[in-house]
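Observations on the three-dimensional arrangement
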Amino acid sequence: YKRNEKYNIIVPSLRIDAIVSKIINTSRNNTQELIKNKSVILNYSIIKDGSIYLKENDIFSIRRYGKYKFSKIIKSTKKDNIIIEYYKYI
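Residues numbered from 1 in each chain as written. Predicted model: local features only at pLDDT ≥ 70, side-chain atom pairs only at ≥ 80, totals over all residues. Heavy atoms only, no water.

1. A word on helix α2 (residues 28–36)
Listed in full, the buried residues belonging to α2 are Thr31, Leu34 and Ile35. An end-on view of α2 places all buried positions within 100° of arc, on one side of the element. Residues of α2 that are exposed and angled more than 90 degrees away from the buried face: Asn29 and Lys36. Close packing links the buried residues of α2 with α1 (16–23), β2 (40–42) and β4 (59–62). Among the residues trailing α2, Lys38 stands out with phi positive, at a value near 60°. (Buried < 20%, exposed > 50% of the residue type's maximum accessible area, 1.4 Å probe, protein only. Helix = DSSP H or I, 4+ residues; strand = E, 2+ residues; numbered from the N terminus. Arc of directions from axis to C-beta. Contact = heavy atoms within 4.5 Å.)

2. Examining the nonpolar core
With 21 residues, the main nonpolar core has Ile16, Ile19, Ile23, Phe60 and Ile84 as its most contacted residues. Of all the elements in the fold, those that place two or more residues in this core are β1 (4–11), α1, α2, β2, β4, β5 (66–76) and β6 (82–89). With four residues, the single largest contributor to this core is α1. Beyond its immediate sequence surroundings of up to four residues, Ile16 is in contact with Val40, Leu42, Ile47, Asp49, Gly50, Ile52, Leu54 and Phe60. (Core = buried A, V, L, I, M, F, W, Y, C linked by side-chain atoms within 4.5 Å.)

3. Focus: α1
Burial within α1 is extensive, with seven of its eight residues counted as buried. Here the buried face of α1 lies against β1, α2, β2, β4, β5 and β6. Trailing α1 by a residue or two, Asn25 shows a phi angle of about 60°, which is positive.

4. Focus: the side chain of Ser39
Note on placement: Ser39 falls in the loop between α2 and β2. In contact with Ser39, other than residues within four places in its own chain, are Leu34, Ser61, Ile62 and Arg63.

5. Let's talk about the packing of α1 against α2
Contact pair α1 / α2: the axes reach a minimum separation of 9 Å and the direction vectors enclose 110°. If you check the angle between α1 and α2, you find them roughly perpendicular. Of the residues in α2, those touching α1 at Asp17, Ala18, Val20 and Ser21 are Arg28, Thr31, Gln32 and Ile35. Residue composition of the contact of α1 with α2, by class: three nonpolar, three polar and two charged. (Axes fitted to C-alpha atoms, helices over the stretch in contact; angles between N-to-C directions. Parallel < 35°, antiparallel > 145°, perpendicular 65-115°, else oblique. Nonpolar A, V, L, I, M, F, W, Y, C, P; charged D, E, K, R; others polar.)

6. Let's talk about the sheet that holds β5
Read from one edge to the other, the open sheet built from six strands follows the order β1-β6-β5-β4-β2-β3, with strand pairing classed as antiparallel. Every other strand in the sheet has two partners, leaving β1 and β3 (45–46) as the edge strands with one partner each. As paired strands, β4 and β5 are joined by four bridges and run antiparallel to one another. Each residue of the ladder has a partner; that of Phe60, found in β5, is Tyr68. (Pairing = 2+ DSSP bridges.)

Below you can see the structure in the form of structure tokens.
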């Protein structure tokens, strides 16, 4: 991957299922299905559990959607959500 695009999104937590569902714009249930079907890979390992919390610079890919890098937490919102920065590899 030569380049990447930077995005900011608001998520309820740093759990991988919350972030994946927000990035691909689907429900947490659908995201859990993707995880069960081994379609979500975190730091080059297939994950079996959606309750894993991402750390800065974790790299994850979602089969058929692309590869991403969780960059950092920007700040919390008034409603206790979190604004994060991530990159999509292109």
